[in-house]
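Residue-level structure breakdown
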Amino acid sequence: MSKHLPQKESRHLKAPEVKRPRRTTRETRAAVREHPAFDLTKKNIAVTAGAALLFAGALIAGFTGWLGAAVYAVPLVLAGIAVAMRAVEEAFGGNYLDESIFVIVASAAAYATGQFAAGAGVMVLYRAGKLLDAAAAALDKKMYAGMKMRLPQSINICGERGIEEKQPQQAAVDDEFIVQPGEMLALDGVVVEGMSALDASALTGSADNFTVAVGSRVMSGCINVSAPIRVRAEKIFADSTASKVCDALEGAHKFRADLEKRIERFAGIYTPVLVGLGLVSAVIPPIFTGAWKDWISRGTVLLVLSGTSALSVTAALSYVGAVAVSARNGIIVKGTRFVEALAKAKTMIFNKTGTLTEGRYAVLDVVPHGVSENELLYAAAMAEQYSRHPIARAIC
């Protein structure tokens, strides 16, 4: 697809972008987690670390009273600026049940009841949790970006004026193009001239090459190994095999696990209920008992507990970790949803060569009869020096 390649600047004027109203669905709220104030940047890391160190220092020193209120206010404000920005944006967007709003209310209520350490601690821990969430998202994107196939940025198309170098997305069906040895096929098609060996390991994982000749169908993503070939395109670049593989990898993070979806459904019920209980606990009982401070503290606890970010971050980190470990071992998992499927699988079927094995032969021992080892190796190398068979490569 064209988005995989650098685009040329258009000479036509672009239509002005129309601002769409902000959505408040669960998908939008999940996307909002990538708020600029919570991005994994050096500034945000420094601010969060500084707030955490100041809070830890004040906690160890044991400040109380008005001095404690002043000291704990520093990490509270330092960590709370980004949270306040997020809360304002969500409130104006119509999402009044966002956890950032509850965190601010809980911190303010804790300060109002004289629990300065608790008020600052809630804000600092929330900010640290959002930073971990951003780290998990960054790891997810980096991991899939590293898996993405490096597609060719140009293609040699045979035209009326000879061979023209163009971008693959500019090619049309039935265009013929030349693929030199060492180049990757950019389009799916049929060989119309030449014979060569292709390496499809980027698509299949198998290390064995296969031979193609006139009439053979070839897929984009294969590497031409031995000789030039002329191919007639059967698909445009957007519909080619390699482009679809890249699209699948880029969209892999959208396939969420069932557990993550259940957590979102649970939060839709759990958060409003806890918020309601918190407000009722903070307002109704003290009308009859007069113990406003105690009941406001209890209501604040319920407000803090109404957030489900801890569950979301825990689930996301566990699944992303599983996918990352698999990627480091050469296994591509198309999204966290399939981690659960692998855990439930009882039978697996593998392509052996290039998947369970490397597909590369090696000489382990030499057993000569009537000649020396060097003479035997020399004779075998002379006999196999022009062969491209995998065993011949091991000997030579």
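Below, the discussion takes up the packing of aromatic side chains. Considering all chains together, one arrives at 2 aromatic pairs under this definition. Each ring, one from Phe55 and one from Tyr72, has its centre 6.0 Å from the other, and the planes form 55°; the classification is tilted. Here Phe55 is found in helix α2 (residues 42-61), whereas its partner Tyr72 is found in helix α3 (residues 65-92), with 17 residues between them in sequence. Across from the ring centre of Trp295, 4.5 Å away, lies the NZ or CZ of Arg298, which sits over that ring.

With that settled, the discussion passes to the pattern of salt bridges. A full pass over the atoms with the stated rule returns 5 salt bridges. The residue Glu164 makes a salt bridge to Arg161 at a minimum N-O spacing of 3.5 Å. In this structure, Glu164 engages Lys166 in a salt bridge whose closest nitrogen and oxygen atoms are separated by 3.7 Å.

With that settled, the discussion passes to α2. Here α2 is 20 residues long and its end C-alpha atoms lie 28 Å apart, about the 28 Å a rise of 1.5 Å per residue gives. Of the positions making up α2, those classed as buried are Asn44, Thr48, Ala51, Phe55 and Ala58. End-on view of α2: buried residues confined to an arc of 100°, all on one side of the axis. In α2, the exposed residues that point more than 90 degrees away from the buried face are Lys42, Leu53 and Ile60. Positioned one or two residues after α2, Gly62 has a phi angle of 75°, which is positive.

Rules of the game
- Residues numbered from 1 in each chain as written.
- Predicted model: local features only at pLDDT ≥ 70, side-chain atom pairs only at ≥ 80, totals over all residues.
- Heavy atoms only, no water.
- Phe/Tyr/Trp six-rings, centres within 6.5 Å; stacked < 30°, edge-to-face > 60°.
- Helix = DSSP H or I, 4+ residues; strand = E, 2+ residues; numbered from the N terminus.
- Lys NZ or Arg CZ within 6 Å of the ring centre and 35° of its normal.
- Salt bridge = Lys/Arg side-chain N within 4 Å of Asp/Glu carboxyl O.
- Expected span 1.5 Å × (residues − 1).
- Buried < 20%, exposed > 50% of the residue type's maximum accessible area, 1.4 Å probe, protein only.
- Arc of directions from axis to C-beta.

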